[in-house]
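Structural overview
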Amino acid sequence: MSEPRSMRPELLEAIARTTLKRYDPRLVTDPETTCVPIEDIIESLGLSLEYQYIRKNRRILGETVFDDGYIPLYNMEQKRYELVYMERGTIIIDASLLRCRTDGRLRFTCAHELAHWLIHQELYSGSGNAAAMQKCTAKSSEADKYIEWQADKLASDLLMPINQVKRCFYHTAGSSRIDSLAEQFGVSKQAMEIRLKEHSLI
């Protein structure tokens, strides 16, 4: 796998804005529209969305398949791993996240994997590897950490279009402002807080 190319935050914002506008321009212009239908956007791009148990320990929450091939997945009923054939353009989300629809983890994982598809195809296609959403550790290479940062940043840009966030921010007041915004956009409080700090809103 080659090294990831450098992408400025402004470029990632532009990629997110273009992706959202192609699906529905109202996602970046309509003041009444806040919760981005990320699963629908994924499928509108011709990608398949699968909900499977990826690992027994749930260390990997999402995986993007760039080449046709067999992917190891955990069969929860049989308590063992199986090789399952998946086609290029499949996004696999760990089925455990279906219980997390209200706290933003499912949506952020979907957006993170879509981000990998949008900006990392040249890295993974033909490599035999799948991009996986997993926690970076001290042992992770700098390249891996940067790839995951890019996917996290673009996921944030997709789920929280900054013009919409600013509009809602200035129309929301009170000590529970961040909680309210997080609920409106279907993301975690932490994700919203990071987004607001990025743009010096808090």
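Just above sits the structure.
Below: a short report on this structure. Since the model is a prediction, treat every value here as computed from it, not as a measurement. (Residues numbered from 1 in each chain as written. Predicted model: local features only at pLDDT ≥ 70, side-chain atom pairs only at ≥ 80, totals over all residues. Heavy atoms only, no water.)

**Let's talk about the pattern of salt bridges**
Tallied over the entire structure, the rule returns 11 salt bridges. For Arg-195, the salt bridge goes to Glu-198, with nearest N and O atoms at 3.0 Å. On the criterion of helical spacing, the pair formed by Arg-195 and Glu-198 is a turn pair, its members being 3 residues apart in helix 9 (residues 189–198). For Arg-195, a relative accessible area of 0% translates into the label buried. We classify Glu-198 as partly exposed; its relative accessible area is 36%. (Salt bridge = Lys/Arg side-chain N within 4 Å of Asp/Glu carboxyl O. Helix = DSSP H or I, 4+ residues; strand = E, 2+ residues; numbered from the N terminus. Buried < 20%, exposed > 50% of the residue type's maximum accessible area, 1.4 Å probe, protein only.)

**So, the side chain of Arg-55**
As for its position among the elements, Arg-55 is in the loop between strand 1 (48–52) and strand 2 (60–65). Lacking a salt bridge, the buried Arg-55 has Glu-63 as its closest oppositely charged neighbour, with an N-O distance of 4.4 Å. A distance of 3.0 Å separates the side chain of Arg-55 from the backbone oxygen of Pro-72, its partner in a polar contact. If we skip the residues at most four places from it in the chain, Arg-55 touches Ile-60, Glu-63, Pro-72, Tyr-74, Tyr-81 and Asp-94. (Lys, Arg positive; Asp, Glu negative; His and termini not counted. Polar contact = N/O pair within 3.5 Å; in protein donor to acceptor, adjacent residues only side chain to side chain. Contact = heavy atoms within 4.5 Å.)

**Some points on helix 8 (residues 177–185)**
Every buried residue belonging to helix 8 is among Ile-178, Leu-181, Ala-182 and Phe-185, and all of these are buried. Burial along helix 8 is one-sided: seen end-on, the buried residues are contained in an arc of 100°. At the exit of helix 8 stands Gly-186, carrying a positive phi of roughly 65°. (Arc of directions from axis to C-beta.)

**Some thoughts on the state of the cysteines**
According to the stated counting rule, one finds 0 disulfides in the structure shown. Lacking any disulfide linkage, Cys-35 is separated from the closest cysteine sulfur, that of Cys-168, by 11 Å. (Disulfide = S-S within 2.5 Å.)

**Overview of the side chain of Thr-90**
You can see Thr-90 is positioned in strand 5 (residues 90–94). For Thr-90, the side chain forms a polar contact with the main-chain oxygen of Glu-87, separated by 2.7 Å. With residues up to four places along the chain from it excluded, the contact list for Thr-90 reads Ser-48, Glu-50, Glu-63, Thr-64 and Val-65.

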